[in-house]
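# Summary of the model geometry
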Amino acid sequence: MPLSRYRILQIGSGVALDYCGKMFADFGADVVKLEPEGGDPLRSAPPVTGDGESGYFAWLNTNKRSVTETPGVFESLLSGADVLLDGRGYDGKIPTSVSVTRVSWFGEHGPYATFAGTDAIARALGGLVALTGRVEGPPTLATDHQSGIISGIAAFIATAAGLYDRPEGTRRFSVSTHETAVNVAEYEAAVAWDAGESRRRPGVNRFGRNYPVGIYPTKHGLVGVTIVTPGQWRGMCAMMGMPELAKNPRYAVNVDRLAHAVEIDALFQPVWNTRTAEEWFELALEYKLPIVMVPTMAELLELHVHRERGAFGPVRIGEAGFEAPVLPQRLTKTPPRSGGTSPLAGEDDAKWHIAPNAWPATTAPVGRLPLTGVRIVDLTMGWAGPTGARHLGDLGAEIIKVEACQYPDWWRGTDLRAEFIAQQKYEKILWFQLMNRNKLDVTLDLTNPEGAHLLKRMVAEADAVIENYSAEVLVKLGLDYSVLSQVNPSLVMLSMPAYGSNNVWSACRGYGSTLEQASGLPVVTGFPEDPPTMNQTAYGDPVGGFNAAAALMLGLLHRQQTGQGQNIDLSQIECMIPFVAPELIAQSALGAVPPRIGNRHPVSVPHGCFRCAGDDRWIAIAITDDKAWRACCNVLERPDLTDLSAAQRRQREAELETVLQAWTTTRDAEEAMNVLQRAGVAAGVVRTPMELDRDPHLTARGFWHRHERPFIGAHWHSSAPFREGRDAYPVRRVAPTLGQDNEAILCGRLGLSTIELERLAAADIIGTVPKPRRAQSDS
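To start, this report covers the structure provided alongside it. The structure displayed is predicted, hence computed values, not measured ones. (Residues numbered from 1 in each chain as written. Predicted model: local features only at pLDDT ≥ 70, side-chain atom pairs only at ≥ 80, totals over all residues. Heavy atoms only, no water.)

With twelve residues, helix α9 (residues 261-272) should cover 16 Å at 1.5 Å per step; its first-to-last C-alpha distance of 15 Å lies within 8% of that length. The elements touched by buried residues of α9 are β7 (213-217), β8 (222-226), α7 (230-239), α8 (254-259), α10 (277-287) and β9 (291-294). (Helix = DSSP H or I, 4+ residues; strand = E, 2+ residues; numbered from the N terminus. Expected span 1.5 Å × (residues − 1). Contact = heavy atoms within 4.5 Å.)

Next up, the structure:
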């Protein structure tokens, strides 16, 4: 397995830490989890099996060893570890032969560094809560642990990059769960900056400025719909047997359809009721529409495509057993373990001895990025793929983005009419800038044999390729893995279709919202009286990007050790399934999923979003234990409530929410957050994406960078959620203009002459300006 040579020591508690360790363990590393007497607090996290074991903890800790921390054990284990995964902020001496990745809620410095954190608080401050939920509020919180999962992947990406560069010396990474959440919200921030204002919550079962985007009941089951382009709208009307609806000028564009959403819903619902969700999905495949089944947990466990792909595996802890998600990084030659056994607390106390590691006691040279020298050809568009490549570019890899003047990255703009091009708007899209920093850019018409040949020459000199074309495109172009691996046998190539490759649903088209719908996440999110509730961002895209970067690192590490390349078949829907792991495990282990509880929490009580003074201002508050509750009561000046246990607070939850609401309503959200946090209570302002660039903590940490770029001038760039030392990784290069590096790559690397370059430009094989065409209508 690609990580079998590594020994990982894990200290502290938390989902991010455990998930990072899980990725190492499930790919073969020897991971030792050091636990306090009595075990990690997460051992009580729901769902709890009939044997009293936490199914969620077990899933997070498959294939690890558990050792109880007693005097001297930590030091002995540390001397033999390749990596220390630190979730408790250890500040003692660490051998220079050991790499370190530290995971925390808010990073190691800045105004929030000492804040009490939870997943909900990190998401609220990170801009991921404000836009989700009912128009009137409160904003809807996601189910727990989601930012922890993403933060764990971010920690794995950085740690794996450090191991790739290990011959140069050890590294010290830190990962902020809050900044991971901002990385997910950054697209919405760019949209708000571009518009000059933050959009309001569109309501439950509405999404952004597009319609129809939502979840609808059918004859049996639910369907998830994401209709964006004019061609998709026409196709959907035809599929529904209502082609005349597409000709109605009142419904011609998204914003008009959204204004008439209730009216159109009423027209469509009787038609939805004539078929089952699976029948609609099969029909949508024929029409090439981004429509999917939205499964319950029971249905998700039984979907044949996931079963065929091995998306679920058996997990055991003690006498308890159930099914749970398998890691989605499907390396075809070195796949992850399918499930596994999780240790009981202290199970390996008698077997913990590890010999000192054999690495030289050196640290990596200052200024050298860990992926220096790695070259990746980026054939992706939109958000998911470009972000996956960007993460590795931030760590020093050379990323060569390949576009075509006939079909540039659609995040440059889908309306490539002459006026749009004349105004050079394709170089002015803010969100394109965010996802494509630290990259070079070459244009090649891959439908032309000469363009395809030049790509092959580039691939011959690359370490990896990442692509997110529709399933059939590269096959038709003769540029799929079976061909490119002949050009470069050690090539690592990642593809990321929605349902994965080579199955009956591989042709499914989708957006980030489609991926969320198909994972079943909306079914377990929100208030019980509301429809299934989606996040108000194309959630599956940044999640897919993080998982893609992690998968590429796994492939690169295996290639570094063996010289062997391989194809990576990353299903973006499988990337979303870890977010429903608690509910999926409950279904498998207990036969049922707990009902939705809105903004409440299965452990922390009270827990929710509370209105503050001002227009649509809110604060998220999480009472994590009795100590936090006593501190909260002191702030509220309610000594009569101080001694309530968690069980008693649960019985009086509605009453206590009213007490909290009365206190927050008259207070500024920033003031309320700071007062509560000074008392030790987890609380965070529900920030809109628009205001993230003014967040004092992100500002103090240098998370936002202001850079100049041709056509657009000064604009914001975010930072990676991982860093070495105090400062964020630099933006070494702003997003490239179209074809900016044609000469540098084609002449400087491939040896073409200036005359050949001019001939390619004259033949429209390369260029620096998109080719005009009618607005895209079918993608």
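Further remarks concern unusual backbone geometry. Of note, the amide linkage connecting Pro46 to Pro47 takes the cis form, showing an omega dihedral of 5°. With respect to the secondary-structure elements, Pro47 resides in the loop between β2 (30-35) and α2 (55-60). Cis geometry is found at the peptide bond from Val605 to Pro606, where omega equals 0°. Position of Pro606 among the secondary structure elements: in the loop between α22 (581-590) and β19 (607-611). Phi is positive for His145, which is not a glycine, with a value near 80°. Classification of His145 by relative accessible area gives buried; the value is 17%. (Buried < 20%, exposed > 50% of the residue type's maximum accessible area, 1.4 Å probe, protein only.)

This paragraph deals with the sheet that holds β8. Backbone-to-backbone hydrogen bonds join strands into a sheet, with any given pair of strands oriented parallel or antiparallel. If you trace the three strands from one edge of the open sheet to the other, you get β7-β8-β9, paired in antiparallel fashion. Of all strands in the sheet, those with a lone pairing partner are β7 and β9, marking the two edges. Here the strands of the sheet are splayed against their neighbours by 25° on average, with no regard to which way each runs. Here β7 runs beside β8; their pairing, made up of five bridges, is antiparallel. (Pairing = 2+ DSSP bridges. Axes fitted to C-alpha atoms, helices over the stretch in contact; angles between N-to-C directions.)

Moving on, we get to the side chain of Ser513. In this fold, Ser513 is placed in helix α19 (residues 512-519). Within polar-contact distance, the side chain of Ser513 engages the side chain of Thr226 at 2.8 Å. Once residues lying within four places of it in the same chain are set aside, the contact partners of Ser513 are Phe207, Val213, Thr226, Met534 and Ala538. (Polar contact = N/O pair within 3.5 Å; in protein donor to acceptor, adjacent residues only side chain to side chain.)

As a packed pair, α7 and α9 sit with axes 11 Å apart at the nearest point and diverge in direction by 45°. Comparing their axes, α9 and α7 come out oblique. Here Trp233, Met236 and Met239 of α7 come into contact with α9, specifically with Ile264, Phe268 and Trp272. Tallied by class, the residues present in the contact of α7 with α9 amount to six nonpolar, no polar and no charged. (Parallel < 35°, antiparallel > 145°, perpendicular 65-115°, else oblique. Nonpolar A, V, L, I, M, F, W, Y, C, P; charged D, E, K, R; others polar.)

Our next topic: the pairing of strand β10 (residues 312-317). Looking at chain direction, β10 and strand β11 (residues 320-325) are connected through six bridges and run antiparallel. Residue pairing for β11: Gly313 is matched across the bridge by Ala324. Here β10 hands over to β11 after two residues, with Gly318 in that stretch at a positive phi of 60°. Strand direction decides the pairing type here: β10 and strand β12 (residues 340-342), joined by three bridges, are parallel. In the sheet register, Val315 faces β12, and the bridge partner there is Gly340.

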